[in-house]
Amino acid sequence: MYSYLLPEFTVVRREDRCIRCRVCERQCAEGVHHWDKGLDRMFSAEEKCVGCQRCVVFCPTGALYVRPHPSEYRPNYNWTRERFQDLKRQAETGGVILTGSGNDKPFRVYWDHLVLNASQVTNPSIDPLREPMELRTFLGRKPDTLELEVEDDRVSIKSEVHPNVVIETPIAFSAMSYGAISYQAFKSLAMAAKEFGTLFNTGEGGLPRDMRAEYGPHAIVQCASGRFGVDPEYLNCAAAVEIKIGQGAKPGIGGHLPGEKVSNSIARTRMIPEGTDALSPAPQHDIYSIEDLSMLIYALKEATNYEKPVSVKIAAVHNVAAIASGIVRAGADIVAIDGLRGGTGAAPKIIRDNVGIPIELALAAVDRRLREEGIRHKCSILVAGGFRCSADVLKAIALGADAVYIGSAALVAMGCTLCQKCYTGRCAWGICTQDPYLSKRINPEIASQRLVNLLRGWSHEIKEMLGGMGINAIESVRGNRDHLRGVGLEDWELEVLGVKGAGE
Amino acid sequence: MATVSARLGLRDMFMDGVRPVRELLPRLYLNGQTAEIDGADLKHKELNDLVREAAFKGARKIVLRNIYGQRYIGTRLYLPTRVEIEVHSHPGNDLGAFLNGHRITVYGNAQDGVGNTMDDGEIVVHGRAGDIVAMSMRGGKIFIRDNVGYRTAIHMKEYTGKVPVLVIGGTAQDFFGEYMAGGIVILLGLGLGEHERHRAHYIGTGMHGGVIYLRGRVEPYQLGKEVGVLDLDENDWQIVRWYVDEYAAHFGTDADRILAGKFQKLLPVSRRPYGKIYAY
Amino acid sequence: MIFQKIDSERRQPNKESQACGLFGVMNTSGERFGGEMAITAIKNMKVRGNGLGGGFAVYGLYPEYRDYYALHVMFQNRNRETKHKVDEFLNEHFRVIHDEEIPTDERVPLFSPPLCWRYFVAPRKRPEEEGVPDDEFVVARVMHINCHIEDAYVFSSGKDMGVFKGVGFPEEIAEYFMLDKLYRGYIWTVHSRFPTNTPGWWGGAHPFNILDWTVVHNGEISSYGTNKRFLEMFGYYCTLYTDTEVMAYAVDLLMRRQGLPIEVVAKIFAPPMWDLIAHMDGEERRLYTVLRMVYAPLLINGPFTVIVAHHNEMFGLTDRIRLRPITAAARGDFVFLSSEEAAIRAVSPKVDLAWTPSGGEPVVVRLHTRDHLKSLARSI
């Protein structure tokens, strides 16, 4: 069928700068550029360009500009360019439009409307450069009270304490499965988590055997609806186990790994035939109600000898507060909530853009509900879904989160430009691909350094902001909404967030 | 008696009820160049008014008696002549703050802020002192016989020849020498047992100038990241000997015994310890 | 158990912040003495307050009513109707042995003093409440009056102890309530306030009290929002919008309800830094790690010095990086705690010992012991 689609991007080449080195031709994963030998000129097939900016960054003379295509439909507030393109593509294929990355639609970003406090006069700022500033966070269930035995000057703990996992900064890497991302990218996340003292999440793709000994203790392993790669060693080598009920990008449905991306080693790790699509079922088939969740949580605790906290990851949906309360009562030690802007390797676009609620509102509602029921200390809350900077992280902690998962931010640190074509398996940056030629472009030594730099920079910024608020330990800002104010928000939004308007 | 207006208004705890100097003159006994002031029940401003009055009237030595907590003693003396002040016995906070070259001797314990931003002069305390001793000190000398509290010598400074000196006989608490930019600090640890180590943590955190001479034991983990430990060379020994002799003279202790102890020199590792933290 | 659903976090008033002066004195042999020492000391530190609040806590002052809860209630605006409601409520839930207006010297001019009344009561439980311990019963009733009866605040609710506080310099409050003439106690704590919000409200002055716990506090708790929300889960509602309240409730929760000793509670409020914990030996390291992990929401951050008292014990504690001062001193059976040493010297020029512990180290004064000397080891 002849395609009626307009190209998405245009490639502009400055002929005065192009030296025909053909780097762009080699770097592009879509085959946009090619060199015509006879004319000694580079040609670009614009219609294939996905706007990943790889050729622009690598062009040694800065000869390329890649920008949205100048051809436009007549301006129409209701029928945007994107609506046109998607509809026409659907008419051509009859299929479900896929996409990657997180929700890009103009839903309000509440982090941009919240501001933090600082100390002035009535109490001092604390100097983060010279005096200690502590970010260490414990994830897991805490007891109501501690039973202690005091004998003269020696105090010892009598009560049994639930297993907790320690991270040195309240930032962990979100679930990105080996399969969705390349082995090298996956390993970079593991190396960075180990070096910095935090955790990475294996996603539903399992943990390759060669990585278990070294990186297992820094991993949160996922047990998702497809149960890919879930074997006893996998469960026992980890720091924590996560039951994935849903994710923010596609609440209510399971993971998608197109057959193109199921290589030999993926097949081995996930224990499925090579080249088949790994489409996780929508529900976990042994969890049809909350009491079944309770059953699975305890099954995992048995399988890991009660030594690891069990986390349950859900997407932020309308009655997330009640669901979270149920999850805590079902026995989970950690509740992970993924909001509307969570990323993905592949999801139906219509679901990514229309299902779920923003994480800011979900977090505020869950934290408040758990406190009202007197059970907030029975779990740690981890949140995910579009965190872009350290201020977002700190605001989330002030709203009540224990720690924050970053997914898209980690990929951006490694080179991703959110071109949203992850599902094709042709990522020019070598991140979301299984093609060995492309995935070699990620050198784990270097990519993990980028990630460690990210963690270090953000952690230091958080310390500076904490010091400014007169606080020297992250636990004192957790849930401390008094240090937040809203700017440009409506009344009901301030109510849900539990935050005053600036000046109030 | 406190006065309250119909609306609450401002109640000034520093200035309310302050008596003018002429009313207080009977408290000031002047005998040639020596003055004595009875500080009983005097507010801060009243006491310091009298001290200044005494200096104007020609006193070169001013003895303060019945002192319980009055602040800023010695601060209001931005005058060309130098005086000597004796405090009996319990000065309040900010003793010798912004001191302009005078000499203060305290026969008792001092509180917080001794020598705060002191420019020049000498303070001798026959007892202990509190927190932030010698904060931002820019010149002059302070001798404390016993222990000191937190954040001693914080952001002490020096510049070509104008070098402040602080000598402490006992031990200190945390953040000793925080963010030092200059000056000489000597901590003698005289009250500590033979194998007892100093108790301060984060010693020299943020230090980027100046030197600390430490007598006694510290473990490496007690030192800030910006501090390096070295042995003393001949130059260092000269300095230490000089000021320990002065300390011994003030407090009647045995300088040789002190100098026989184990000394270490703490110096900043870099002049720009935070260069790598920011992305330019 | 009472609860009040906080329906809008947005509508709650902002909390106070304040700077202040503190003093406490206890006779470790239990001998009762008058208020001159506390009054002299706090007058010496006049510049630490700004005349907008002062208060005293006295222990051992009601020997003839020793076994009854002495409720001190203030009625804002001298609201007689409110008093009527409170009288009814108290008669319903308690046997009121004796009640009277707290004697005052009306000649002392203070800003809008409320009507202050004291009731000596014993719980009167309904059959279904028989299982509830007396202390819990009283706390619930106190929370009810403070939350639900407008213009009435119970500002003291312990046995054989009392809080006297209001808006004015502490020596004015002492004069108003005739403290040096009428009362003798074996623990006196006093507070001079320098508030920056709600200057006219008598309820905002220190000491804060629940049962026989009193807290006087100098500093600002920057972790107030976190602490408050954690305490709410256990039924403590912060109705007085001052950060000191969380200290009083936290102490009640940890020491009375959970039975933890002061030395451990001090380590929950002001724990050592992680890099120091790393250098401790195995068992100590595990203890501090678990305490920090479990009680993270009760870490009190921001500058503070507090003097907390209850029967038989008084303790002073500063924050983990000692942003506020404290000095302890001992002379014979008397132990003093003060914001400034000079205040102690004004009261007692000669002392046997004067010392200042590190941040996070409590000075614990206990009846018939020399426990306060334990903190000497790490002091200057």
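Preceding block: the structure.
Residues numbered from 1 in each chain as written. Chains lettered and ligands numbered in written order. Predicted model: local features only at pLDDT ≥ 70, side-chain atom pairs only at ≥ 80, totals over all residues. Heavy atoms only, no water.

A.B. asks: Please provide a residue-by-residue account of the overall build of chain B, values included.
C.D. replies: In terms of helices and strands, chain B carries 4 helices and 12 strands. Over its C-alpha trace chain B gives a radius of gyration of 21 Å, about what one expects of a compact globule, namely 19 Å for 280 residues. Here the C-alpha coordinates of chain B stretch approximately 60 × 50 × 35 Å along the principal axes. Across the 280 residues that make up chain B, the buried fraction comes to 56%. Taking all contacts inside chain B whose residues are at least 6 apart in sequence as the whole, residues at least 24 apart take part in 47%. Entry remark: accessible area of chain B is about 12,300 Å², with carbon and sulfur atoms responsible for 51%. Taken together, the 35 basic and 33 acidic charged side chains of chain B have centroids lying 5 Å from each other. (Helix = DSSP H or I, 4+ residues; strand = E, 2+ residues; numbered from the N terminus. Rg over C-alpha atoms; globule rule 2.2 N^0.38 Å. Buried < 20%, exposed > 50% of the residue type's maximum accessible area, 1.4 Å probe, protein only. Contact = heavy atoms within 4.5 Å. Areas by Shrake-Rupley, 256 points an atom, 1.4 Å probe, with all protein chains shown as cover. Lys, Arg positive; Asp, Glu negative; His and termini not counted. Charge placed at Lys NZ, Arg CZ, Asp CG, Glu CD.)

A.B. asks: Describe the packing of aromatic side chains, and please don't skip the residues or the numbers.
C.D. replies: Here the structure, examined in full by the defined rule, presents 27 aromatic pairs over all chains. Ring centres of W111(A) and F387(A) lie 5.3 Å apart, and the angle between their planes is 35°; on these two criteria the pair is classed as tilted. Of this pair, W111(A) sits in the loop between β5 (98–99) and β6 (114–116) while F387(A) sits in the loop between β20 (380–384) and α12 (390–399), and the two are 276 residues apart along the sequence. Centre to centre, the rings of F94(C) and F137(C) are 5.6 Å apart; their planes meet at 80°, and the pair counts as edge-to-face. Of this pair, F94(C) sits in strand β4 (residues 94–101) while F137(C) sits in helix α3 (residues 134–148), and the two are 43 residues apart along the sequence. An aromatic cluster is defined as three or more aromatic residues linked by ring pairs; in this entry it consists of Y62(C), Y65(C), F120(C), F164(C), Y176(C), F177(C), Y183(C) and W202(C). Above the ring of Y179(B), the side-chain terminus of R130(A) is found at 3.4 Å from the ring centroid. (Phe/Tyr/Trp six-rings, centres within 6.5 Å; stacked < 30°, edge-to-face > 60°. Lys NZ or Arg CZ within 6 Å of the ring centre and 35° of its normal.)

A.B. asks: Before we move on, can you summarise the interface of chain B and chain C with the specific residues and values?
C.D. replies: Each partner contributes residues to the interface: chain B has 33 residues there, and chain C has 43 residues. The contact between chain B and chain C buries some 3,200 Å² in all, and 55% of this surface belongs to carbon and sulfur atoms. Close ionic contact of R322(C) with D131(B) constitutes a salt bridge, the shortest N to O distance being 2.5 Å. The interface formed by chain B and chain C includes 17 residue pairs in polar contact (both at pLDDT 80 or more). (Buried area = accessible area lost by both parts, 1.4 Å probe. Salt bridge = Lys/Arg side-chain N within 4 Å of Asp/Glu carboxyl O. Polar contact = N/O pair within 3.5 Å; in protein donor to acceptor, adjacent residues only side chain to side chain.)

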